[in-house]
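Observations on chain architecture
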Amino acid sequence: MTVIKHELKQSRISLLVWTASIAFLFAVCIFLFPEMKGEMEGVSEIFASMGSFTEAFGMDRINFGTLTGFYAVECGNILGLGGAFFAALCAVSVLAKEEKERTAEFLLTHPVSRAKIVTDKLVSVMLQILIMNAAIYVISIGSIAAIGEEIPWKEVSLLHLAYLILQVELAGICFGISAFLRRGGLGLGLGLAAVMYFLNIIANISDSAEFLKYVTPFGYAEGSDIVANLSIDWKLAVLGMVYCVIGIAAGYVKYLKKDIA
């Protein structure tokens, strides 16, 4: 528990800033919806005629003039990309920073096994992701209630669950990568999250690239698909969790045998 508390204490400012930023953008989008609601039908028709651009963001499968359609596209992209960046940044440096900051000698001389240290660091990353998502979920529900709209519980809950799974998958992969690094890898984490996002856009645009849905976690966190089908693509989500477990397992194997500088 000492390592978990230390990690959470060290990351509290980052967690607060990311959570506040994403929650603020969520609230702004939701509070703008009543003013834009009357104009959305025309906007939906415009988007529907924009070909590949429409398909890239799934706007051909939803009504942008409804709260759920608007929420899936606008809020979904904010949480999807913002949450992915946060999860990657949290995980990609959590093991490497001990060498980068030259604190590994102090930490590893304590009567605590490496496996316990790795486990506690992993738990701290997942706790940060859960805290951020819980706060954003509460604020989004409160914002919808504040504008007087009926809360679409199932759609909103499924969207947030999908993005939580996405973040856990990316965190697991980046956690594994972290064990192989010695100087941190913030750029690598951000780059991986961005690449995954754009792979999903490519998969949406081109039928021949649809196999990329099996690579990117954004494939099962497509807001328009979730709202249209009222379901997450669990086949892709389970595959994503397999990638997550492989990443975490690789992190354990590498770090337990690693020659710490």
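Residues numbered from 1 in each chain as written. Predicted model: local features only at pLDDT ≥ 70, side-chain atom pairs only at ≥ 80, totals over all residues. Heavy atoms only, no water.

Notes on the overall build of the protein chain
Selection rule: By definition, any uninterrupted DSSP run of H or I lasting at least four residues is a helix, any uninterrupted run of E lasting at least two residues is a strand, and each is numbered from the N terminus. Only protein chains enter the accessibility calculation, which uses a 1.4 Å probe; a residue is then buried when its area is under 20% of its type maximum, exposed when over 50%, and partly exposed in between. Contacts are assigned to residue pairs with any non-hydrogen atoms lying within 4.5 Å of each other. Note that accessible areas follow from Shrake-Rupley with a 1.4 Å probe, and for residues the cover is restricted to the protein chains shown.
Helices and strands together make up the secondary structure of the protein chain, namely 12 helices and 0 strands. Element order for the protein chain, N to C, with α for helix and β for strand: α-α-α-α-α-α-α-α-α-α-α-α. With 261 residues in all, the protein chain has 51% of them scored as buried. Considering only intrachain contacts with a sequence separation of at least 6, the fraction spanning at least 24 residues in the protein chain is 75%. In the structure as shown, the protein chain presents an accessible area of about 12,300 Å², 67% of it carried by carbon and sulfur atoms.

Digging into helix 5 (residues 67-92)
Rules: Take the number of residues in a helix, subtract one, and multiply by 1.5 Å to get its expected span. The seven residues ending at a residue and the seven starting there each receive a fitted axis; the angle between those axes is the bend at that residue.
With 26 residues, helix 5 ought to run about 38 Å at 1.5 Å a step, and its terminal C-alpha atoms sit 35 Å apart, in line with that. The sharpest bend along helix 5 comes to roughly 35 degrees, located at G76. With 22 of 26 residues buried, helix 5 is to be regarded as a mostly interior element.

Re the nonpolar core
Across soluble globular proteins, nonpolar side chains have a tendency to be buried as a group. Put simply, the rule reads: Here, the term nonpolar core denotes a set of buried Ala, Val, Leu, Ile, Met, Phe, Trp, Tyr and Cys residues that are joined through side-chain atoms within 4.5 Å.
The biggest cluster of nonpolar side chains holds 73 residues, and the ones touching the most others in it are F26, Y71, L166, F175 and Y220. Of all the elements in the fold, those that place two or more residues in this core are helix 2 (12-36), helix 5, helix 8 (114-146), helix 9 (153-178), helix 10 (186-205), helix 11 (223-229) and helix 12 (234-257). Setting aside its immediate chain neighbours within four residues, F26 contacts Y71, C75, I78, L79, I136, S140 and H160.

Comments concerning the confidence of the model for the protein chain
Stated formally: The score called pLDDT rates the predictor's confidence residue by residue, from a low of 0 to a high of 100.
Predicted confidence across the protein chain gives a mean pLDDT of 84, with 84% of residues reaching 70 or more. When the elements of the protein chain are averaged for pLDDT, helix 4 (residues 52-56) gives the smallest value, 54, and helix 9 the largest, 94.

Things to note about the packing of helix 8 against helix 9
The axes of two packed helices give the description: the angle between them and the distance between them. To keep things clear, this is the line we draw: To get an axis, fit a line to the C-alpha atoms, keeping to the stretch in contact for a helix; angles then go from 0 to 180 degrees between the N-to-C directions. Convention used here: angles under 35 degrees read as roughly parallel, angles over 145 as roughly antiparallel, angles from 65 to 115 as roughly perpendicular, and any remaining angle as oblique. We call a crossing left-handed when the near helix sits turned anticlockwise from the far one by less than a right angle, and right-handed when that turn is clockwise. Here the nonpolar group is Ala, Val, Leu, Ile, Met, Phe, Trp, Tyr, Cys and Pro; Asp, Glu, Lys and Arg are the charged ones; every other residue, Gly included, is treated as polar.
Between helix 8 and helix 9, the shortest axis-to-axis distance is 11 Å and the interhelical angle comes to 155 degrees. It follows that helix 8 is roughly antiparallel to helix 9 by the angle criterion. Where helix 8 crosses over helix 9, the handedness of that crossing is right-handed. The residue makeup of the contact of helix 8 with helix 9, split by class, is 17 nonpolar, 6 polar and 1 charged.

Re the packing of aromatic side chains
The condition that has to hold: Stacked, edge-to-face and tilted are the three classes for Phe, Tyr and Trp ring pairs, Trp counted by its six-membered ring, which pair at centre distances within 6.5 Å; planes under 30 degrees apart are stacked, over 60 edge-to-face, the rest tilted.
Under the criterion given, the structure shown has 5 aromatic pairs. Residues Y197 and F218 carry aromatic rings whose centres are separated by 5.4 Å and whose planes lie at 80 degrees to one another, so their mutual orientation is edge-to-face. You can see Y197 sitting in helix 10 and its partner F218 sitting in the loop between helix 10 and helix 11, a full 21 residues away along the chain. Under the relative-accessibility criterion, Y197 is labelled buried at 13%. Using a relative accessible area of 4% as the deciding quantity, one classes F218 as buried. Here a set of aromatic residues connected by ring pairs shows up, and it is made of Y197, F198 and F218.

Quick look at empty space enclosed by the protein
Going by this rule: Put plainly, a pocket is an open set of points on a 1 Å grid over the protein atoms alone with protein on both sides within 12 Å along at least five of seven lines, a cavity is a set where a 1.4 Å probe fits but cannot get out, and a lining residue has an atom within 4 Å of a point. Grid points are joined across faces, edges and corners, and a volume is the space filled by probe spheres set on the points.
Overall, the coordinates contain 2 cavities of 30 Å³ or more when judged by the stated rule. Computed from the structure, the second largest cavity encloses a volume of approximately 40 Å³. In terms of lining, the second largest cavity is formed by E169, K213, Y214, V215, T216, P217, Y220, L236, L239, G240 and Y243. Here the lining of the second largest cavity is composed, by residue class, of 7 nonpolar, 2 polar and 2 charged.

A closer look at unusual backbone geometry
Non-glycine residue L230 carries a positive phi angle of around 50 degrees. Assignment of secondary structure puts L230 in the loop between helix 11 and helix 12. Given a relative accessible area of 35%, L230 falls into the partly exposed group.

As for the environment of A162
Mapped onto the fold, A162 is located in helix 9. Residue classification places A162 among the buried residues on the basis of a relative accessible area of 0%. Those residues in contact with A162 that sit more than four places away from it in its chain are Y220, A221, I226 and I232.

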